[in-house]
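Geometric and topological summary
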Amino acid sequence: MDLYEYQGKELFGRYGIPVSEGRLATSAQEARAAAAELGGTVVVKAQVLTGGRGKAGGIKLAETPEDAEAHAGEILGMDIRGHTVTKVWVETASDIEREYYLSLTFDRSAKQPLFMITTQGGVDIEEVAATSPDALVRLHVDPLEGCHPWHARRLVYGAGIEDPSEQKQVAAIVAKLYDTFTGSEAMLCEINPLIVTPDGEVRALDAKVTIDDNALFRHPDLAELRDVDAADPLEALAREKGVTYVRLDGDVGVLGNGAGLTMSTVDVVTFVGGRPADFCDLGGGGDAQGVVDALEVITRDPQVRSIYFNIFGGITRCDEVARGILQALEQMGIELPIVVRLDGTNAEEGRRLLGESGAANVHPEATMLDGARRAVELAAG
Ligand code: GDP
Ligand code: MN
């Protein structure tokens, strides 16, 4: 479960991580009152469960309560990457000297929590990892040993933080972030940016927290923070239709049968340089209607430029899948290119059906890798 920034900050506050004072507002008038109460310059921030709010225009500084009201009016109702803004967080604005990045996530392959820190914060961390990997310091913590002052020192020195007061503050935040992470059974606690003010004060300016769904029963106070309205609208539609669907942020719609094959398909699309738009699993024994439902969900995502069907027929019969594709094409008038790789039970029959249909946007491919390449090409073209 993802927490909103304001909820994450509230959680940080409980564990002693410094955050700015703020108020939640659901209307422009409330934002104005909040700004008046806080006094001075405030920042009005869209509360949505997605990143990049700054770039999308969802974060604005306001010098007066009137400004705050006007900005909140613009931000409320705004669509940020498919999420409608219904709440804004109004907090005392900070002066920023430097922006760092600090996160603690669960590294599944190492089976240990992993700290990451860099003094090049504020921007997309993936960008830092890609362009200056040396600037990103990584350190695992053995969960049986726990987090000790030496972990914090390693991170602080590794990142090249030189000012002694800053070192001390960041080290304290490292320890408290570990407490937050373990105390709330989080999968991710990310502070981007962790700022240094001109007065040398270190503070969390943003909060991204994901709680382990499987541990929520132990944290009723966190469980009740779940906002059912805010679930991704496509994921909600999928749940309604009984389609197993997880939205990702690329442009190649991925559809497979079985979680393993679908996961591999996502990997292969990434491997050939593409970006999957989703993970969609038809499951075993998928029928034509299941295919139609899945396609309806996938094509509802405006980012999708091509679709890759990767089916290995076992219980699922490939001819049935082909019928589903053709039925969906007919019912929904899909114009997006659809790459289809059918293998296994009744694959020949399935390919024959697709071939005979003469649908110009259906592209059969024989192997998983070729199919991925084709789908990525078509998404780009
Ligand atoms: P995100 O874009 O969704 O990650 O939202 P953030 O909360 O990280 O804010 C994005 C950027 O807005 C930050 O990196 C800052 O540059 C800027 N920003 C946010 N809050 C303040 C503030 O209080 N003062 C100033 N000057 N800039 C801010
Ligand atoms: Mn941020």
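Below is a short write-up of the structure.

1. Comments concerning the site of ligand 1
Near ligand 1, the surroundings consist of 15 residues, among which Lys45, Arg53, Gly54, Ser94 and Glu99 are the closest. Taking Arg53, its side chain carries an N or O atom lying 2.8 Å from an oxygen atom of ligand 1. If ligand 1 stood free it would expose 560 Å²; the protein chains cover 79% of that surface. When contributions to the shell around ligand 1 are tallied by element, the ones reaching two or more residues are β2 (42-46), β3 (59-62) and β10 (186-196).

2. Topic: the pattern of salt bridges
Under the defined criterion, the tally for this structure stands at 30 salt bridges. Put simply, Arg23 and Glu21 hold a salt bridge, and the shortest N to O gap is 3.3 Å. Residue classification places Glu21 among the partly exposed residues on the basis of a relative accessible area of 49%. The salt bridge involving Asp319 is made with Arg317; its shortest N-O contact spans 3.0 Å. We classify Asp319 as buried; its relative accessible area is 4%. For Arg317, a relative accessible area of 38% gives the class partly exposed. Salt bridges sharing partners connect three or more residues here, namely Glu5, Lys9, Lys45, Arg53, Glu91 and Asp206.

3. Some details on helix α13 (residues 368-380)
Here α13 spans 19 Å end to end across 13 residues, near enough to the 18 Å set by a 1.5 Å rise per residue. Turning to α13, its buried residues number three or more, namely Met368, Gly371, Ala372, Ala375, Val376 and Ala379. Relative to the axis of α13, the buried residues are bounded by an arc of 130° and lie together on one face. Residues of α13 that are exposed and angled more than 90 degrees away from the buried face: Glu377 and Ala380. At its buried positions, α13 is contacted by β14 (252-256), α9 (259-271), β16 (306-313) and β17 (338-344).

4. Comments concerning the pairing of strand β6 (residues 88-92)
By the criterion of burial, β6 is predominantly enclosed, with four of the five residues buried. Here four bridges tie strand β1 (residues 22-25) to β6, and the two strands are oriented antiparallel to one another. Residue Ala25 lies in a different strand from β6, and its bridge partner there is Val88. Taken together, the five bridges between β2 and β6 define a ladder with antiparallel strand orientation. Pairing of Lys45 across the sheet is with Trp89, part of β6.

Definitions and cut-offs
- Residues numbered from 1 in each chain as written.
- Chains lettered and ligands numbered in written order.
- Predicted model: local features only at pLDDT ≥ 70, side-chain atom pairs only at ≥ 80, totals over all residues.
- Heavy atoms only, no water.
- Near = heavy atom within 4 Å.
- Polar contact = N/O pair within 3.5 Å; in protein donor to acceptor, adjacent residues only side chain to side chain.
- Areas by Shrake-Rupley, 256 points an atom, 1.4 Å probe, with all protein chains shown as cover.
- Helix = DSSP H or I, 4+ residues; strand = E, 2+ residues; numbered from the N terminus.
- Salt bridge = Lys/Arg side-chain N within 4 Å of Asp/Glu carboxyl O.
- Buried < 20%, exposed > 50% of the residue type's maximum accessible area, 1.4 Å probe, protein only.
- Expected span 1.5 Å × (residues − 1).
- Arc of directions from axis to C-beta.
- Contact = heavy atoms within 4.5 Å.
- Pairing = 2+ DSSP bridges.

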